[in-house]
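# Observations on chain architecture
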Amino acid sequence: MRIRFPILFLFVMSRTLGHSAELSALSQAIDPDWIAQALATTGKASIRKRKLPAEQVVWLVIALALYRHQSIPEVVAHLDLVLPDEVNADIAKSALTQARQRLGQAPLAQLFAMSASCWDERHQSGRAWRGLCRYAVDGSTLRTSDSPENRAHFGAQAYASGVVASYPQLRLLTLTALATHLVRDAVFGAYGTNEMLYAKSLLDRVPDHSLTVFDKGFFSASLLLQLQTKGHERHWLIPAKANSTWERLDPHPTDYRVRMKVSPQARQAEPDLPAFWEVRAIETTTSHGKKRILLTSLMDRQTYPASEIVHQYEERWRIETSYRELKQELLGSELTLRSGTPETVYQEVWGALLAYNLVRLEMAEVATEAQVEPTRLSFITALHYLRHEWGWMAIEAPGKIPAHLTRLRNRLADLLLTEKRGRSCPRVVKKLPARYPIRAVSKPK
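Before going into details, it helps to say that this report is about the structure given with it. Just so it is clear, the model here is predicted, and its values are computed rather than measured. (Residues numbered from 1 in each chain as written. Predicted model: local features only at pLDDT ≥ 70, side-chain atom pairs only at ≥ 80, totals over all residues. Heavy atoms only, no water.)

### Considerations on the sheet that holds strand β4 (residues 210-214)
Note the cut-off: DSSP calls a pair of strands paired once it identifies at least 2 bridges connecting them. Counting from the N terminus, the helices are DSSP H or I runs at least four residues long and the strands are E runs at least two residues long. Residue contacts follow a heavy-atom distance rule, with two residues in contact if any of their heavy atoms lie within 4.5 Å. Structural elements are reduced to axes, namely lines fitted to C-alpha atoms, with helices fitted over the stretch in contact, and the angle between N-to-C directions of any two is expressed from 0 to 180 degrees.
The mixed open sheet is built from 9 strands, whose spatial order is β3-β2-β1-β4-β5-β9-β8-β7-β6. With partners counted over all chains shown, the strands left at the sheet margins are β3 (183-190) and β6 (247-248), one partner each. Two elements, strand β7 (residues 255-261) and strand β8 (residues 276-285), share 7 bridges in a ladder whose sense is antiparallel. Looking across to β8, one finds that Val 258 is bridged to Val 279. Sitting on the sheet, helix α10 (residues 221-229) touches β4, β5 (234-239) and β8, and the angle it makes with β5 is about 150°.

### Overview of α10
Put simply, the rule is: Note on classification: 1.4 Å probe, protein chains only; a residue is buried when its accessible area is under 20% of the maximum for its type, exposed when over 50%, partly exposed between these limits. What qualifies as a polar contact is a pair of N or O atoms within 3.5 Å, subject to a donor-acceptor requirement within protein and to the restriction that residues adjacent in sequence count only when both atoms come from side chains.
Among the 9 residues in α10, 7 count as buried, and that is most of the element. Residues of α10 that are buried include every one of Ala 221, Ser 222, Leu 223, Leu 224, Leu 225, Gln 226 and Leu 227, and no others. The opening residue of α10 is Ser 220, an N-cap whose side-chain oxygen sits 3.4 Å from the backbone nitrogen of Ser 222. Trailing α10 by a residue or two, Gly 231 shows a phi angle of about 155°, which is positive.

### Quick word on helix α9 (residues 195-203)
What sets the pattern is the α-helix's 3.6 residues per turn: residues three or four places apart point alike. Applicable threshold: Here, the arc refers to the directions that run from the helix axis to the C-beta atoms.
Buried within α9 we find Met 196, Tyr 198, Ala 199, Leu 202 and Leu 203. End-on, the buried residues of α9 take up no more than an arc of 160°, which puts them together on one face. Next to the buried residues of α9 lie β1 (133-143), β2 (169-177), β3, β4, α10 and β5. The opening residue of α9 is Asn 194, an N-cap whose side-chain oxygen sits 2.7 Å from the backbone nitrogen of Met 196.

This is the structure in structure tokens:
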């Protein structure tokens, strides 16, 4: 059986696993264990002979994110995902829905976990800072379709006035590599669950020899000590809150150690927490003259200079960029997911994360060949090129695919973003435009 759509994805997988890149040997060189293992482990492998077996449904879910503005039947037809049937070549729309429901979300979650860790480790090589891989953790939200099942499972935002949001929402947190924007891990679920709880579930999957950058909303002794103590050389960096208090332990004016008290509430919830903990504080001034204090577990001043640590925090905005790429560019600003049940919502989000990593992976490969940083390439232009080439690969003869791959690589390498000058004005909220034109009426004399 030949899977026609994911040929570039399989080609990338073969190179990731160290196999030959020659397309003529692709069927022999590609290790199908990732998908087969995910399906077998979760008990979702197809036993009956179907027009749309489980392997094809996996690619369908990924394609639904890549071709966001097309319906499910259109995506299936466009990418020729249905296996040939001499008796009846058509497939009912209800069969596509049933195929997704049979697959569930577990195989996609396992496939994402296997691929994300493998791809991230491959492209961390040569991009570490002082021996540490750099990551960021932050959260975002996505709307789900307004079905009773989704509203009961995910919940929705409730305002102080008592009004509840029109659509159910899910909360999403990611562990994103700052060097490549590849999503190393993700966790998502009910909107009402606190981000801190989601963040704690991500910490066990943070690699050793790493620096994880947080926003100040994640400042917690429980969270940061868990990251620091359960692993080897797992460091963190976070801005201090305005009401943070501590005891200074040395006289250096801008780079000093401090001792902070762990709150009684935190120690009551987790008795293993110490009464006090020591961290390093670095005072800095932003480009707009605002004072900022950064707290970190990087205690060695010589090994980790303060100026470089400040620069690492300034790179935290890259995770915000990755959310924009995922939600606005990949999903085409269609922030309401199409799935009507919680199980298929989870499946759809895992498919979107796989699709996002697939684009970012190809950009990282091109950047390595062009000897530039992956963040220098335009995501949206790369996405357009990839969609175009994948569409051709789905209908072209196999012998023409190498030419498509070569042209794709050459075009992407030429699409470097120009260096932007620094922001000269502070970031402000713009006034919304008036719905109706304002007309001045003078008083009659």
